[in-house]
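Listed below are the residues making up each chain.
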Amino acid sequence: FYKNAMEKMEREIELNSYDLLTSGQIGLLRAAETIKQKGKWGHGYDGYFTKQINDSIFGTMGEKAVAVFLDIPYKYHCNAWNDPDLVYKNYNIQVRTQYNRDNYFLIIRPKAKPNELYVHVYIPLKSFKPIFKISGFINSSDILKTEKHLTYAGHYDRDPFHKVPINILKSIDLLKPPEENKKI
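One numbering rule holds for all chains: residues counted from 1, following each sequence as written. A pLDDT threshold of at least 70 governs which residues receive local features in this predicted model, and a stricter bar of 80 or more applies before side-chain atom pairs are shown or counted, although totals over entire chains, interfaces and linings include all residues. Hydrogen atoms and water are omitted, and side-chain values are computed over all heavy atoms in the structure.

J.: What am I meant to see in the pairing of strand β5 (residues 117–123) here?
T.: Side-chain positions along a regular strand alternate between the two faces of the sheet. Each residue's exposure class comes from its accessible area (1.4 Å probe, protein chains only) as a fraction of the maximum for that residue type: buried when under 20%, exposed when over 50%, partly exposed otherwise. Going along the chain from the N terminus, every DSSP run of H or I of four or more residues is numbered as a helix, and every run of E of two or more is numbered as a strand. Where burial is concerned, most of β5 is hidden: seven out of the seven residues are buried. The two faces of β5 match: Leu117, Val119, Val121 and Ile123 on one face and Tyr118, His120 and Tyr122 on the other face are all buried. Strand pairing is assigned whenever DSSP detects at least two bridges linking the two strands. Two strands pair when backbone bridges link them, and β5 and strand β6 (residues 131–139) are joined in this way by six bridges, in the antiparallel orientation. Residue pairing across strands places Val121 opposite Ile134, the latter belonging to β6.

This is how it looks when you write it as structure tokens:
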């Protein structure tokens, strides 16, 4: 039941080669700028150099996939940490992209801004195409200032975070109903 319910809620976006190239360049630029500024990734992230690049590139591609789904321009911004990833209608949106996992979840940090929509995107395990699946979204205010899903996930040297299960996310169709969506 769970898998079938999730599959009905998910929306699949396949990025074209131009979208992959441009969003991938922004991801690489974000990683390079962080290194240039001798910055550290937040929240105790200790990923090695190649993982930082992977995470940056897949993160920007996930942002681009959501922008394509919502049919909004993607602002190719670099290291604007206080800005939302996307703005749709009057919603500030943060996109969280995961890949290469067998159990997906959405991360919301306790210091996140209230009333931002967090959208979960994942790249299917062992995918052979540039397909991004939008699992759904949740308003950060539904989670913040609660103990809901708060965990260290075994990383006690890092701050706790909200590990939000995918099955409680709302369908992205609530933001953009299918009748408004010409791409699906």
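J.: What is the right way to look at the nonpolar core in this model?
T.: A general trend in soluble globular proteins is that nonpolar side chains are found buried together. The set of buried Ala, Val, Leu, Ile, Met, Phe, Trp, Tyr and Cys residues whose side-chain atoms join them within 4.5 Å is what this entry labels a nonpolar core. Residues Val66, Leu86, Ile93, Val119 and Ile134 are the most contacted members of the largest nonpolar core, which totals 25 residues. Within the residue set of this core, elements represented by two or more residues are α3 (49–70), β2 (86–88), β3 (91–99), β5 and β6. Broken down by element, this core gets its largest block of residues, seven residues, from α3. The residues touching Val119, leaving out its near neighbours within four places in the chain, are Val66, Ile93, Gln94, Val95, Arg96, Leu106, Ile134, Gly136, Phe137 and Ile172. Formed by 13 residues, the second largest nonpolar core is a distinct cluster that contains Met9, Tyr104, Tyr118 and Leu144. Contacts: residue pairs with any heavy atoms within 4.5 Å of one another.

J.: What's the story with the pattern of salt bridges in this structure? I'm lost.
T.: Whenever Lys or Arg places a side-chain nitrogen within 4 Å of a carboxyl oxygen from Asp or Glu, that contact is recorded as a salt bridge. Counted according to the given criterion, the structure contains eight salt bridges. Salt-bridge contacts for Lys51 lead to Asp55; the nearest nitrogen and oxygen are separated by 3.1 Å. Placement of both Lys51 and Asp55 in helix α3 is noted, with a separation of four residues, approximately one turn of the helix. Through salt bridges with shared partners, a single ionic network connects Glu10, Glu12 and Lys133.

J.: Help me out: how do you make sense of the sheet that holds strand β1 (residues 11–14) in this one?
T.: Overall, mixed pairing links the five strands, which are arranged β1-β6-β5-β3-β2 in an open sheet. What marks the edges here is a single partner per strand, and that holds for β1 and β2. Averaged over all neighbouring strand pairs, the angle between strand axes comes to 35 degrees, with direction disregarded. For β3 and β5, the ladder comprises seven bridges, and the chain directions are parallel. Pairing of Gln94 across the sheet is with Tyr118, part of β5. Contacts from α3 reach β1, β2, β3, β5 and β6 within the one sheet, and its direction differs from that of β3 by about 130 degrees. To get an axis, a line is fitted to the C-alpha atoms, and for a helix only the part in contact is used. The angle between two axes follows their N-to-C directions and goes from 0 to 180 degrees.

J.: Got a minute to help me understand the sheet that holds strand β4 (residues 105–108) in this structure?
T.: Hydrogen bonds along the backbone pair up the strands of a sheet, which may run parallel or antiparallel. Overall, antiparallel pairing links the three strands, which are arranged β4-β8-β7 in an open sheet. Looking at which strands have only one partner, the edges of the open sheet turn out to be β4 and β7 (150–151). Looking at chain direction, β7 and strand β8 (residues 161–165) are connected through two bridges and run antiparallel. Paired with Leu150 across the bridge in β8 is His162.

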